[in-house]
Amino acid sequence: SASGPLTNKKILVTAGPTHEPLDPVRYIANRSSGKQGYAIAAALRNLGADVTLVTGPTSIALPAGINTVRVETAREMMAASEAALPVDCAIMCAAVADYRPSIETDHKIKKERGGLTNIPVAENPDILKTVSQLQTNRPRLVIGFAAETDDVLCYAEAKRKRKGCDWIVANDVSPGADCPMGGERNEIILITDKGDENWPQMPKDEVARRLAVRIGEALAGPSLV
Ligand code: PMT
């Protein structure tokens, strides 16, 4: 594998959506393709990192040189992420479902048997928050994403504080041709302890490459926490 500024660094990346089953044939999900998270995992590998990619269901081929763990639900993503610890850095790019149906059945829900007019839900574990607030084994650098449609910077900054991560990557996921969720390009605001940086829109591979360089610099310097 490549050697570079991240050689001997272990990094956890989460990517893709989660699928939250309702019955054997149905699930609740979102439009995340996994592209941004996979690109980040590849960029970190290219700088020499030992990368574990925990991914929800995607149609992307498994990347070479990366320890990839496929999961379906938020609870499985949580367990696989915890199993990957300890790491030097964790980057949570996955679009994890906040809620799951609390009535998963092992038979198909039938319209003629009463069907379903509302779906009771239970809250899923918050992987980013859990990892950010670990008392032992907390990664030195924890990076979250924030997908917002309004007041992107304001909500993203609040999310960084609430979850306890070091950096947050804010994305505007308003519907439209430029929406990063599912698309090829991304325009981010990188929020760190030193302030906010607006990056121009660029291909997801380029966002990933630049983030990987920044992570390399941060892990080379003195501890942030
Ligand atoms: O997959 P792509 O099509 O390439 O699109 C990329 C993306 C738009 C999905 C990605 O760039 C992005 O913004 N990912 C975060 C999506 C999200 O669900 O954001 P959020 O604001 O709901 O969550 C905030 C953070 O908490 C995220 O780091 C998320 O991974 C994490 N989280 C959320 C809920 C939960 N139960 N556990 C978590 O770890």
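For the structure, see preceding data.
Report follows, based on the coordinates. Since the model is a prediction, treat every value here as computed from it, not as a measurement.

Another aspect to go through is the overall build of the protein. Secondary structure assignment for the protein yields 5 helices and 14 strands. Judged by the C-alpha coordinates and their principal axes, the protein covers about 60 × 35 × 35 Å.

The environment of the ligand is formed by 30 residues, the closest being S33, Q36, I127, L128 and F145. Residue assignment for the shell around the ligand shows that the elements contributing at least two residues are helix 1 (35–46), helix 3 (127–132) and strand 9 (141–148). Sort the elements by how many residues they give to the shell around the ligand and strand 9 lands first, with 4 residues. Within the shell around the ligand, the residues separate by chemical class into 14 nonpolar, 11 polar and 5 charged.

Next up on the list: helix 1. Taking 1.5 Å per residue as the helical rise, helix 1 with its 12 residues ought to reach 16 Å, and the 16 Å between its terminal C-alpha atoms agrees with that figure. For helix 1, the tally of buried residues reaches 11 of 12 residues, placing the bulk of the element in the interior. Those residues of helix 1 not exposed but buried are K35, Q36, G37, Y38, A39, I40, A41, A42, A43, L44 and R45. The inward-facing, buried residues of helix 1 abut strand 1 (10–15), strand 4 (50–55), strand 6 (89–92), strand 11 (185–186) and helix 5 (204–220). Once helix 1 ends, the next one or two residues include G48, with phi positive near 100°.

This paragraph deals with the environment of L85. Following the sequence through the fold, L85 ends up in the loop between helix 2 (74–84) and strand 6. For L85, a count of 16 C-beta atoms within 10 Å corresponds to the partly exposed category.

Moving on to the packing of helix 1 against helix 5. Here helix 1 crosses helix 5 at 45°, and the two axes come no closer than 8 Å. Relative to helix 5, the element helix 1 lies oblique. As helix 1 packs across helix 5, the resulting crossing turns out to be right-handed. Counted together, K35, Q36, A39, I40, A42, A43 and L44 of helix 1 and K204, D205, V207, A208, R209, L211, A212 and I215 of helix 5 form the full contact between these two elements. Residue classes in the contact of helix 1 with helix 5 are distributed as 10 nonpolar, 1 polar and 4 charged.

Basis of the calculations
- Residues numbered from 1 in each chain as written.
- Predicted model: local features only at pLDDT ≥ 70, side-chain atom pairs only at ≥ 80, totals over all residues.
- Helix = DSSP H or I, 4+ residues; strand = E, 2+ residues; numbered from the N terminus.
- Near = placed C-beta within 6 Å.
- Nonpolar A, V, L, I, M, F, W, Y, C, P; charged D, E, K, R; others polar.
- Expected span 1.5 Å × (residues − 1).
- Buried ≥ 20, exposed ≤ 12 C-beta atoms within 10 Å, placed from the backbone.
- Contact = placed C-beta atoms within 7 Å.
- Axes fitted to C-alpha atoms, helices over the stretch in contact; angles between N-to-C directions.
- Parallel < 35°, antiparallel > 145°, perpendicular 65-115°, else oblique.
- Left-handed = near helix turned anticlockwise from the far one by under 90°.

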